[in-house]
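# Working through the structure, step by step
Next come the chains, spelled out residue by residue.
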Amino acid sequence: MKPHTLLLAAGLLFAAIPTGHAADKATGQPAGQPAGHATAQAIPQPAAQPSEAGLYRFTVGDLRITALSDGTLPLGIKPLVKGLPPDRIDALLAERFERDPLETSINAFLIDTGSRVLLVDTGAGQLFGPYGGKLPLSLAAAGYRPDQVTDILLTHIHTDHSGGLALDGRMVFTNATVHVGQPDLDFFLNRDNIANGLQPRLHDEAVATVGPYLKAGKVKPFSERSEILAGVTAIPTPGHTPGHAFYRVTSRGETIEFWGDIIHVGPVQFRHPEATVAFDIDQDAARAQRRDRFAEEADSGQLTAAVHLSFPGLGRLRRDGDGYRWVPVEYRNRQ
């Protein structure tokens, strides 16, 4: 893991994701977007609206699963994506009537097994300023309290996945055990890694969010592929972070796989899985994971839930020439 690579990834993480201001006063653009971008692609800013819950229920076998929205944010794509020219990125976005910055979802997923309540990722909490932080509202709208959650499955320790764990230094999910890859704990919770390129802010936020659970003895790390709960398999997929992981959940012969940050920009990375993002700590490993996992899942019919694809982030993968095509699930609203 090269120090200069870590510095680049950690620095650009907060350059591409706005945290402190809803928009730059001079340009009207979301904070963190490239200067000069607003004139050609100014996006009207809607009037402030009250927070709204986002949820979508479905079943896998005997499991009742709910996709929960933590909100969305405008993500600057061209400074984020590595390995493709800007005009190609714009063309891929335009094919789907989208543009840079791309409105990007922050999703979480609740799994009710009947005896346990599992939560895949926790959103950004209060750490992304005006963006994110809607998970508690969505959770309540789904009919659950934080103290009912028994297990939290963290795909990795980045702010928009672990930020909702704690509030003002206190555990939000007081009865939950956190499952997370040991290499992420070793990296983000060790202040000595600041000398190796870990951004102090990422360390401090990891301490503030994951730390209370560590102190309470409520963290169960894993280091290899293993069944961490009945029907729940943790699958290490290092690259984006050292301890990044998928979770595969099975019930009555049906399966769903929960992806973290193997995919950020669907319109771009499905067509070009070789494209990485600045957030990837190990660019080569992240690229290899995406290529391998996409090839493994394509055309299998595997139901997949992705944290950063448009809410509810549910679909399946198809081969499409040299790349892939994401097929969202059909909408259902019935008993």
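Residues numbered from 1 in each chain as written. Predicted model: local features only at pLDDT ≥ 70, side-chain atom pairs only at ≥ 80, totals over all residues. Heavy atoms only, no water.

### Concerning the overall build of the protein chain
Keep this limit in mind: Helix and strand labels come from DSSP, where a helix needs a run of H or I of at least four residues and a strand needs a run of E of at least two; each type is numbered from the N terminus. Relative accessibility decides the category of a residue: with a 1.4 Å probe and only protein chains considered, values under 20% of the type maximum give buried, values over 50% give exposed, and everything between is partly exposed. Residue contacts are counted whenever heavy atoms from the two residues lie within 4.5 Å of one another. Per-residue and other accessible areas follow the Shrake-Rupley method at a 1.4 Å probe size, with only the shown protein chains counted as cover for residues.
Each helix and strand in the protein chain was counted, giving ten helices and 18 strands. Across the 335 residues that make up the protein chain, the buried fraction comes to 53%. Contacts spanning at least 24 positions in sequence make up 69% of the contacts within the protein chain whose residues lie at least 6 apart. Here the protein chain displays about 14700 Å² of accessible surface, and carbon together with sulfur accounts for 50% of that area.

### Quick look at the environment of Ala166
Locating Ala166 in the fold gives a position in strand S7 (residues 166-167). Given a relative accessible area of 14%, Ala166 falls into the buried group. It is 9.5 Å that separates the C-alpha atoms of Ala166 and Thr122, two residues lying 44 residues apart in sequence. Excluding residues that lie within four positions of it along the chain, Ala166 makes contacts with Met171, Val172, Ala208, Thr209 and Pro212.

### Concerning helix H3 (residues 86-95)
To be explicit about the condition: The arc refers to the directions leading from the helix axis to the C-beta atoms.
Every buried residue of H3 is accounted for by Ile89, Leu92 and Leu93. Summarising the axial view, the buried residues of H3 lie within an arc of 100 degrees, below the 170-degree limit, and thus occupy one face. Looking at the buried side of H3, the elements it contacts are strand S3 (81-82), strand S4 (102-112) and helix H9 (266-269). Following H3 by one or two positions, Phe97 adopts a phi angle in the positive range, close to 60 degrees.

### Notes on the side chain of Asp121
Under the convention used in this document: Here Asp and Glu are counted as negative and Lys and Arg as positive; His is not counted, and neither are the chain ends. By definition here, a salt bridge exists when the distance from a side-chain nitrogen of Lys or Arg to a carboxyl oxygen of Asp or Glu is within 4 Å. For this analysis, a polar contact is any N or O atom pair within 3.5 Å, provided that within protein one partner can donate a hydrogen and the other can accept it, and provided that sequence-adjacent residues contribute only side-chain to side-chain pairs.
In this fold, Asp121 is placed in the loop between strand S5 (117-120) and helix H4 (135-141). No salt bridge is formed by the buried Asp121, whose closest oppositely charged neighbour, Arg290, lies at an N-O distance of 15 Å. Within the structure, the side chain of Asp121 is placed 2.9 Å from the side chain of Thr155, a separation counted as a polar contact.

### Some points on the nonpolar core
The cut-off we apply is this: Here, nonpolar core refers to any group of buried Ala, Val, Leu, Ile, Met, Phe, Trp, Tyr and Cys residues whose side-chain atoms link them within 4.5 Å.
Counting 28 residues, the largest nonpolar core has Leu119, Ile152, Ile157, Phe173, Val178 and Phe188 as its most contacted members. If you list the elements that add at least two residues to this core, you get S4, S5, H4, strand S9 (177-181), helix H6 (182-188) and helix H7 (200-209). For this core, the leading source of residues is H6, giving three residues. If you look at the next biggest cluster of nonpolar residues, it comprises 24 residues, including Ala67, Leu118, Phe258 and Leu303.

### Side note on the sheet that holds strand S2 (residues 63-75)
Stated precisely, the cut-off is as follows: By the convention used here, strands pair only if DSSP detects at least 2 bridges between them. Each axis is a line fitted through C-alpha atoms, taken for helices only over the stretch in contact, and angles between the N-to-C directions span 0 to 180 degrees.
Taken together, seven strands build an open sheet; the order of strands is S1-S2-S4-S5-S6-S9-S10 and the sheet is mixed. Both outer strands of the open sheet, strand S1 (55-60) and strand S10 (219-222), are each paired with one neighbouring strand and no more. The sheet shows a mean angle of 25 degrees between the axes of neighbouring strands, taken without regard to direction. Sheet topology places S9 next to S10; four bridges connect them, and they run parallel. Its bridge partner lying in S10, Val180 is registered against Pro221.

### Some thoughts on the pairing of strand S11 (residues 226-229)
Note that S11 and strand S12 (residues 232-236) share three bridges and pair antiparallel. For Ser226, the partnering residue across the bridge sits in S12 and is Ala234. With antiparallel pairing between neighbouring strands as the criterion, S11 and S12 make up a hairpin whose turn holds two residues, including Gly231 at a positive phi of roughly 80 degrees.

### Notes on the packing of aromatic side chains
Applied cut-off: When two rings of Phe, Tyr or Trp (its six-membered ring) have centres within 6.5 Å they constitute a pair, described as stacked for plane angles under 30 degrees, edge-to-face for angles over 60, and tilted for the intermediate range.
The final tally for this structure, using the stated rule, is eleven aromatic pairs. Geometrically, the ring pair formed by Phe187 and Phe188 is edge-to-face, given 5.0 Å between the ring centres and 80 degrees between the ring planes. One exposure class covers both Phe187 and Phe188, and it is buried. Of the aromatic side chains, those joined through ring pairs into one cluster are Phe246, Trp259, Phe270, Phe294, Tyr324 and Trp326.

### Describing the confidence of the model for the protein chain
Our working definition: Residue-level confidence of the predictor is what pLDDT reports, using numbers from 0 through 100.
Here the protein chain averages 87 in pLDDT, while 84% of its residues score no lower than 70. Segment residues 1-15: pLDDT under 50, and 37 contacts once partners within four positions in sequence are set aside and those in other chains are kept. Across residues 18-48 the pLDDT falls below 50, and counting only partners more than four positions away or on other chains, this stretch makes 51 contacts in the model.

### Observations regarding the layout of surface pockets
To be explicit about the condition: Method remark: on a 1 Å grid restricted to protein atoms, a set of points is classed as a cavity if a 1.4 Å probe fits but cannot get out and as a pocket if it is open with protein on both sides within 12 Å along at least five of seven lines; lining residues have an atom within 4 Å of a point. Grid points are joined across faces, edges and corners, and a volume is the space filled by probe spheres set on the points.
The computed volume of the second largest pocket comes to approximately 660 Å³. Around the second largest pocket, the lining comprises 19 residues; the ones closest to its centre are Tyr56, Arg57, Phe58, Thr59 and Arg332.

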